[in-house]
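Chain residues, written in single-letter form:
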Amino acid sequence: MSNLESAPTEMICSPTAPDTDHAGLRVHVLTSRDVPLGGPRAMTVHRTIPQRDRSLIGGWCFADHYGPQDVSTGSVPGIDVPPHPHIGLQTVSWLFSGEIEHRDTNGVHAMVRPGELNLMTAGRGIAHTEVSTPETTVLHGVQLWVALPADAAEVDRDFAHYVPPAVNVDGAVVRVFLGELLGSTSPVATFSPLLGAELVVDAGATIDLDVDSTYEHGILVDSGTLRIVNAAEPLDVARTEMAYIGVGAKVIRLTNTSAQPGRLIVLGGEPLGEDIIMWWNFVGRTHEEIVAARDAWMAHSDRFGQVRGYEGDIQHLPAPALPGTRLRTRDNKPGQA
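Only a predicted model underlies this, so the values are computations on that prediction, with no experimental measurement involved. (Residues numbered from 1 in each chain as written. Predicted model: local features only at pLDDT ≥ 70, side-chain atom pairs only at ≥ 80, totals over all residues. Heavy atoms only, no water.)

### Let's talk about the UniProt feature "binding site: Fe cation" (unreviewed entry) in the protein chain
Sites flagged by UniProt as "binding site: Fe cation" (unreviewed entry) map to His-84, His-86, His-128 and Glu-130. Spanning 47 residues, the named residues form one tight spatial group whose C-alpha atoms are at most 13.4 Å apart. Topologically, His-86 is positioned in strand E5 (residues 80-86). We classify His-86 as buried; its relative accessible area is 0%. Among the polar contacts listed, one links the side chain of His-86 to the side chain of His-84, at a separation of 3.5 Å. Mapped onto the elements, His-128 comes out in strand E10 (residues 126-132). A polar atom in the side chain of His-128 sits 3.0 Å from the side chain of His-84. (UniProt positions renumbered as here; feature names shortened; annotations may be inferred. Helix = DSSP H or I, 4+ residues; strand = E, 2+ residues; numbered from the N terminus. Buried < 20%, exposed > 50% of the residue type's maximum accessible area, 1.4 Å probe, protein only. Polar contact = N/O pair within 3.5 Å; in protein donor to acceptor, adjacent residues only side chain to side chain.)

### Considering the packing of aromatic side chains
Considering all chains together, one arrives at seven aromatic pairs under this definition. Note on Trp-297 and Phe-304: the rings are 5.6 Å apart at their centroids and 90° apart in plane angle, and the pair reads as edge-to-face. With a relative accessible area of 2%, Trp-297 lands in the buried category. By relative accessible area, Phe-304 is classed as buried at 0%. When the ring centre of Tyr-244 is taken as origin, the NZ or CZ atom of Arg-54, which lies over that ring, is 4.1 Å away. (Phe/Tyr/Trp six-rings, centres within 6.5 Å; stacked < 30°, edge-to-face > 60°. Lys NZ or Arg CZ within 6 Å of the ring centre and 35° of its normal.)

### Here's the deal with the side chain of Ser-93
Along the chain, the position of Ser-93 falls in strand E6 (residues 89-97). Taking relative accessible area as the criterion, Ser-93 reaches 10% and is therefore assigned buried. At 2.9 Å, the side chain of Ser-93 forms a polar contact with the side chain of Gln-143. Excluding residues that lie within four positions of it along the chain, Ser-93 makes contacts with Val-112, Glu-116, Leu-117, Asn-118, Glu-130, Val-142 and Gln-143. (Contact = heavy atoms within 4.5 Å.)

### A word on the nonpolar core
Among the nonpolar cores identified, the biggest contains 28 residues, and Leu-199, Leu-209, Ile-219, Ile-252 and Leu-254 are the most heavily contacted of them. Of all the secondary-structure elements, those providing two or more residues to this core are strand E14 (172-178), strand E17 (194-201), strand E18 (206-210), strand E19 (216-223), strand E20 (226-228), strand E22 (242-245), strand E23 (251-256) and strand E24 (262-269). Broken down by element, the residue count for this core peaks at four residues, all from E17. Residues in contact with Leu-254, not counting those within four places in the same chain, are Leu-199, Ala-205, Thr-206, Ile-207, Leu-209, Ile-219, Leu-226, Arg-227, Ile-228, Val-229 and Leu-264. Grouped together as the second largest cluster of nonpolar side chains are 23 residues, Val-92, Phe-96, Tyr-162 and Tyr-244 included. (Core = buried A, V, L, I, M, F, W, Y, C linked by side-chain atoms within 4.5 Å.)

### Observations regarding the pattern of salt bridges
Evaluation of the coordinates by the stated rule reveals 12 salt bridges. The partner of Asp-64 in a salt bridge is Arg-47, and the shortest N-O contact between them spans 2.6 Å. Here Arg-47 lies in strand E3 (residues 44-49) and Asp-64 lies in strand E4 (residues 60-70), a separation of 17 residues in the sequence. Residue classification places Arg-47 among the buried residues on the basis of a relative accessible area of 2%. Measuring nitrogen to oxygen at the nearest pair gives 2.7 Å for the salt bridge that ties Arg-227 to Asp-236. Connected through salt bridges with shared partners, the residues Asp-222, Arg-239 and Arg-263 form a single ionic network. (Salt bridge = Lys/Arg side-chain N within 4 Å of Asp/Glu carboxyl O.)

### Things to note about the sheet that holds E6
Whether parallel or antiparallel, the strands of a sheet pair through hydrogen bonds between backbone atoms. The antiparallel open sheet is built from seven strands, whose spatial order is E2-E3-E4-E11-E6-E9-E12. Each end of this open sheet is capped by a strand with a single partner; those strands are strand E2 (33-36) and strand E12 (158-162). Adjacent strand axes in the sheet meet at a mean angle of 20° when their direction is disregarded. Bridge analysis of E6 against strand E11 (residues 138-147) gives eight bridges, and the strand direction is antiparallel. Each residue of the ladder has a partner; that of Leu-89, found in E11, is Ala-147. (Pairing = 2+ DSSP bridges. Axes fitted to C-alpha atoms, helices over the stretch in contact; angles between N-to-C directions.)

Now the structure itself:
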């Protein structure tokens, strides 16, 4: 999915070591901001990262949460994102309902469906489109990006598809699309240590997540109300909010305090350990790298290739104007649990 903001921000991130032990987990609630995807009539997405308080969770650098949105009446047009570029990242598409058609410059034509991972690697450069299908009545899901580490930032463009099994554990059902959680492991290779999973927790149930203490974690609430039982202070996390827990946690104890099943997206990863710049749909290391990528896209360079088969009016989404000054970075050290 493209970042359609007219003035996209840029930021930098670097890790820090855990501090001394203390009672309970330190948890910071990230409140989403609403972003119309393509204009005031378009579907609204809830963006939790990047934001001023948190730009990275491991390698995860972008999280949009949308729906459930009825797109059957035409009052909201759903998703129709024309050909647009990416560098230095991977896109992770995960749906709860609906269907989205994906096309990219590697010639991949794939459908994004509920419970199925679609992972696109941009590397040095790729372009793609995303269009919700006519059969879709309700769109609901998340769009996530992962920043590639420097030694993989210019890998060949690629695409992976994986259908994780639904694994029943006591009080919940887990689908692990990246990494490992609750005894379930995804075979999909990543360029940095990552975790990505959907968790549906029974009403009133409490579960323990045994997690890697070298990871930082973010838990996005799609439905229900999440309580972090072993937080240093009593804490409930509401729909569209994300609970951030820094490095050092070994167990995260969760309770769904609502009267209906709660759905969560659990993200995690080792701190990236590198300074990065994010601007528009690009992840890079320097101002010059971002400028070069924008120039190449606007010049219709072979670096990004051509998407075939997209039927929309716009065949090449224009990049926003660059700011009048050099792209500046923002300090974003990982927290400690």
